[in-house]
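# Chain and residue survey
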Amino acid sequence: METKFQTLITGLQHIGIPTNDMKKTVAFYQTLGFQVALQTVNEAADERVTFLRMGYIVLEVYENKKAAMASGALDHIAFNVTDIEAVFQLAKEQGFPMLDAEIQFLPFWEQGVRFFTVKGPNEEKVEFSQYL
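Described below are features of the structure shown in this document. In this text the structure is predicted, and so the values were computed from the model without any measurement.

## Quick look at the overall build of the protein chain
Helix and strand counts for the protein chain come out as two helices and eight strands. Each helix (α) and strand (β) of the protein chain, taken in turn from the N terminus, gives the series β-α-β-β-β-β-α-β-β-β. With the principal axes as the frame, the protein chain shows a C-alpha extent of 40 × 30 × 30 Å. The proportion of buried residues among the 132 residues of the protein chain is 41%.

Next comes the structure, spelled out in structure tokens:
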């Protein structure tokens, strides 16, 4: 059964991993074969951010000095979408617990990304993100 979301989600965009030690984390994933695709700063959160890519897998590692350092400590999964406004409306119609009251913007990648986050059934954060 195809849903409206399936027509707008094109795949997994990235997996968000908080860290207390950016250098150690990047070195670990580079050992696995990941390459740095982008390094930047999320000024609003005062966090250094590194995107690592291997094939179609992208990890967003951000140094927040608050990583849980426990099993199950991944922060979020992000789905790539083609129309962030349409997905935002669908999420509200479905009654998803919205963690963002409106669509957000970060100046990552070439032209930035627009995104919002909802809470999943297991308290996980699920982000919907569109590259601009």
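We are not done yet, so read on.
## Here we look at the pattern of salt bridges
One pass over the full model with this rule turns up five salt bridges. The residue Lys-125 makes a salt bridge to Asp-75 at a minimum N-O spacing of 2.9 Å. Remark: Asp-75 occurs in the loop between strand S4 (57-63) and strand S5 (76-81) and Lys-125 occurs in strand S8 (residues 125-131); sequence separation between them is 50 residues. A relative accessible area of 32% places Lys-125 in the partly exposed class. Close ionic contact of Arg-114 with Glu-85 constitutes a salt bridge, the shortest N to O distance being 2.2 Å. Remark: Glu-85 occurs in helix H2 (residues 84-93) and Arg-114 occurs in strand S7 (residues 113-119); sequence separation between them is 29 residues. The partly exposed category is assigned to Arg-114, whose relative accessible area is 26%. Connected through shared salt-bridge partners, Arg-48, Glu-63 and Lys-65 make up one network.

Reading the values: the criteria
Residues numbered from 1 in each chain as written. Predicted model: local features only at pLDDT ≥ 70, side-chain atom pairs only at ≥ 80, totals over all residues. Heavy atoms only, no water. Helix = DSSP H or I, 4+ residues; strand = E, 2+ residues; numbered from the N terminus. Buried < 20%, exposed > 50% of the residue type's maximum accessible area, 1.4 Å probe, protein only. Salt bridge = Lys/Arg side-chain N within 4 Å of Asp/Glu carboxyl O.

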